[in-house]
Amino acid sequence: MSPRTPGAQLPEHPDWLWRTPDPRRSYDVVIVGGGGHGLATAHYLARNHGITDVAVLERGWLAGGNMARNTTIIRSNYLWDESAGIYEHALRLWEGLEEELDYPLLFSQRGVLNLAHSLQDVRDSVRRVEANRLNAVDAQWLDPRQVKEVCPIVNISPDARYPVMGATYQPRAGIAKHDHVAWGLARSADAAGIDLIQNCEVTGIDVTGGRVTGVRTSLGPIAAGKVALCAAGHSSVLAAMAGFELPLQSHPLQALVSELLEPVHPTVVMSNAVHVYVSQAHKGELVMGAGVDAYTAYTQRGAFHVIERQMAAALELFPVFARAHVLRTWGGIVDVTPDASPITGLAPVDQLYLNCGWGTGGFKATPGVGWVYAHTIAHDDPHPLARPFCLDRFTTGALVDEHGAAAVAH
Amino acid sequence: MLLIPCPWCGPRDEAEFGYGGQAHVPYPEDPTALTDEEWARYLFFRNNPKGPHPERWCHAAGCRRWFNAVRNTATNEILAVYRVGEPRPVIV
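As annotated in an unreviewed UniProt entry, chain A carries the name Sarcosine oxidase subunit beta and is attributed to Streptantibioticus ferralitis. Its UniProt record gives chain A a comment under Subcellular location (unreviewed entry), which states: "Cytoplasm". The record held by UniProt for chain A lists under Sequence similarities (unreviewed entry) the comment "Belongs to the SoxB family."

Okay, here's the thing in structure tokens:
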């Protein structure tokens, strides 16, 4: 007697939102990496530029890398004009993305607090608020009492080890459901005729006479007029295949969720000084992220003492979490640049395009990246918002130094 | 948590160590003679392989000495450790 098939009593799996095509032998554009950035780029190549002879190659399953591992915080309160430009562009796209994709993304503009714990934090934060306002990014400076009004569970006692001396507040910031974002973008790209090809690992990049001609993959060679990298932590590995190096270091970045709790946390709270950021997902989990693990690795897991330190920081800020249980922890591999700003634009090889170095903060940029990267690819020229983030800034010295200055939680 | 074999103290918890990045990156002999490209490479470009990586560690909460290790960044396996000044071991 054969055993009953597990799950046989369950309803049929719903239809997929996209096809599962075999790769063709040639495409106008091949995007390497089927995460949020790759899918958004495909979506905007079709939507803004009418380019649909496109394949998105994903070595695992769609949006199973950092897109599945991030803490989904969306904000645009960066210090420098260049950063405010691209992240605010992204935030404005987020505000219309559900309608654009006709798909629910659970985009919730519940605001973000970036806490200040020292006099220098306060000075830097106030400076950033003013810089944000000059760039038409909504920003306010809140004193501890106002912080408590926005988020009643934050501990503002002056006796804390790192007391809350105030916070910047961006009301338009928020969170979204990362899977839904990926599915909505994938469905849109697929409907435009773009091939989303999963379980297809790129093993080589063919370059002839300084120009890219195609990729070799686990499913055979694919010729390409243009190749656009969107591979986050593995960007250095791909660049090596094309014969150049990138100023990136790949680090594990860990995050965790608690068990499901009643709604207790109405906003997003980030603290650079104590290295933690916390929000509560729609379903009820507290979602927390840490800083990167110190050493480079591709292991998609990190060390427990980093999580422990992160928990200590979270408890200091939110004593109410003391009895919450950790449900699971995980790690993703983030590619960090020397100035904590992304690299997006042209590569040292013709018809090859770079989008990497988003480090710990790529999710918030998803639609903005898709928009500007699609422009860069379509015109073989960086979008004006991407121009400051070209690779050559490391030679010219025109860095966009967002380390710490812009509430980047590294 | 990695168990890192300090060449002076033996295997100790990762939490005792500081990470120093890629090993064997000498300061340029004549920095003023470098082109912008060469200076950028020295300042900003470090190897980022998925595989064996020679790197510096400091046993900060132990003997406080720097040493080198070859670690496989894909598995975190430490393939060799060696003291500063010793040649990099050949990893088969």
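Engineer: Sorry if this is basic, but what is going on with the pairing of strand β4 (residues 112-116) of chain A here?
Structural biologist: Residues and elements named next belong to chain A. Burial runs high along β4: 5 of the 5 residues are buried. One ladder, built from 5 bridges, connects β4 with strand β6 (residues 166-170); its direction is antiparallel. When the sheet's bridge partners are listed, A116 is paired in β6 with G166. Bridge analysis of β4 against strand β13 (residues 268-271) gives 3 bridges, and the strand direction is parallel. When the sheet's bridge partners are listed, N114 is paired in β13 with M270.

Engineer: I keep staring at the interface of chain B and chain A and nothing clicks. Help me out?
Structural biologist: Bring the parts together and some accessible area is lost; that lost area is often taken as the interface size. On the chain A side, the residues contacting the 24 residues of chain B number 23 residues. Between chain B and chain A, a total of about 1,900 Å² is buried, with carbon and sulfur atoms accounting for 55% of that surface. Here chain B and chain A share 1 salt bridge between them. Linking R41 of chain B and E245 of chain A is a salt bridge whose minimum nitrogen-to-oxygen distance equals 2.7 Å. Seen at the junction of chain B and chain A, the total is 12 residue pairs in polar contact (both at pLDDT 80 or more). No other element matches the 5 residues that helix α1 (residues 36-44) of chain B contributes to the side of chain B that touches chain A. Residues of the side of chain B that touches chain A, tallied by class, amount to 10 nonpolar, 6 polar and 8 charged.

Engineer: Would you mind going over helix α1 (residues 36-49) of chain A with me for this structure?
Structural biologist: Counting along an α-helix, one turn takes 3.6 residues, and residues three or four places apart therefore face a common direction. Residues and elements named next belong to chain A. Taking 1.5 Å as the rise per residue, α1 with 14 residues should run 20 Å; its terminal C-alpha atoms sit 19 Å apart, in good agreement. The buried fraction of α1 is high, at 11 of 14 residues. By the burial criterion, the buried members of α1 are G36, H37, G38, L39, A40, T41, A42, H43, Y44, L45 and A46. Downstream of α1 by one or two residues, G50 has phi in the positive range, about 65 degrees.

Engineer: I tried to follow the packing of aromatic side chains on my own but got confused; where do I start?
Structural biologist: Remark: the centre distance and the inter-plane angle together describe each pair of aromatic rings, the angle taken between the planes. All told, the structure shown has 15 aromatic pairs over all chains when counted by the stated rule. Note on Y295 of chain A and W57 of chain B: the rings are 5.7 Å apart at their centroids and 50 degrees apart in plane angle, and the pair reads as tilted. Here the residue Y295 of chain A occupies a position in the loop between β15 (285-292) and α7 (304-317), and W57 of chain B occupies one in strand β4 (residues 52-58), the pair thus bridging two chains. Each member of the pair, Y295 of chain A as well as W57 of chain B, is classed as buried. Aromatic side chains F394 of chain A and F44 of chain B sit 5.5 Å apart centroid to centroid with 65 degrees between the ring planes, which places their arrangement in the edge-to-face category. Of this pair, F394 of chain A sits in helix α9 (residues 393-396) while F44 of chain B sits in helix α1, placing the two residues on different chains. Taken together through their ring pairs, the aromatic side chains of Y295 of chain A together with F17, Y19, W57 and F67 of chain B make up a single cluster. Seen from the ring of Y42 of chain B, R46 of chain B lies directly overhead, with NZ or CZ sitting 5.6 Å from the centre. Sitting over the ring of W8 of chain B, R65 of chain B keeps its end group 3.7 Å from the ring centre.

Engineer: I'm lost on helix α5 (residues 178-191) of chain A in this one. Help?
Structural biologist: Residues and elements named next belong to chain A. Along its 14 residues, α5 runs 20 Å from first to last C-alpha, staying within 8% of the 20 Å computed at 1.5 Å per residue. For α5, the complete set of buried residues consists of H178, H180, V181, A182, G184, L185, A186, A189 and D190. Of the surrounding elements, those touching the buried residues of α5 are α1, α2 (81-101), β8 (195-197) and α8 (366-379). Positive backbone phi, approximately 100 degrees, marks G193, located one or two places after α5.

Engineer: Could you clarify how one ought to interpret the UniProt feature "domain: Rhodanese" (unreviewed entry) in chain A in this entry?
Structural biologist: In the numbering used here, UniProt assigns the feature "domain: Rhodanese" (unreviewed entry) to residues 29-73 of chain A. Regarding residues 29-73 of chain A, the helix share stands at 31% and the strand share at 20%, and the terminal C-alpha atoms are separated by 30 Å.

Engineer: Teacher, can you tell me more about the packing of α1 of chain A against α2 of chain A here?
Structural biologist: All names here are of chain A. At a closest axis distance of 14 Å, the pairing of α1 and α2 adopts a crossing angle of 75 degrees. Comparing their axes, α2 and α1 come out roughly perpendicular. For the pair α1 and α2, the contacting residues are H43, Y44 and R47 in the first and L93, L97, E100 and L101 in the second. For the contact of α1 with α2, a count of residues per class yields 4 nonpolar, 1 polar and 2 charged.

Engineer: Whenever I open this one, the nonpolar core confuses me. Can you help?
Structural biologist: Soluble globular proteins tend to pack their nonpolar side chains together in the buried interior. All names here are of chain A. With 49 residues, the main nonpolar core has I31, L45, W94, V181, I194 and L196 as its most contacted residues. Among the secondary structure elements, those contributing two or more residues to this core are β1 (26-32), α1, β2 (54-57), α2, α5 and α8. Broken down by element, the residue count for this core peaks at 7 residues, all from α2. Among the nonpolar cores identified, the runner-up in size contains 32 residues, and V30, L229, L238 and A347 belong to it.

So, how was this worked out
- Residues numbered from 1 in each chain as written.
- Chains lettered and ligands numbered in written order.
- Predicted model: local features only at pLDDT ≥ 70, side-chain atom pairs only at ≥ 80, totals over all residues.
- Heavy atoms only, no water.
- UniProt positions renumbered as here; feature names shortened; annotations may be inferred.
- Buried < 20%, exposed > 50% of the residue type's maximum accessible area, 1.4 Å probe, protein only.
- Helix = DSSP H or I, 4+ residues; strand = E, 2+ residues; numbered from the N terminus.
- Pairing = 2+ DSSP bridges.
- Contact = heavy atoms within 4.5 Å.
- Buried area = accessible area lost by both parts, 1.4 Å probe.
- Salt bridge = Lys/Arg side-chain N within 4 Å of Asp/Glu carboxyl O.
- Polar contact = N/O pair within 3.5 Å; in protein donor to acceptor, adjacent residues only side chain to side chain.
- Nonpolar A, V, L, I, M, F, W, Y, C, P; charged D, E, K, R; others polar.
- Expected span 1.5 Å × (residues − 1).
- Phe/Tyr/Trp six-rings, centres within 6.5 Å; stacked < 30°, edge-to-face > 60°.
- Lys NZ or Arg CZ within 6 Å of the ring centre and 35° of its normal.
- Axes fitted to C-alpha atoms, helices over the stretch in contact; angles between N-to-C directions.
- Parallel < 35°, antiparallel > 145°, perpendicular 65-115°, else oblique.
- Core = buried A, V, L, I, M, F, W, Y, C linked by side-chain atoms within 4.5 Å.

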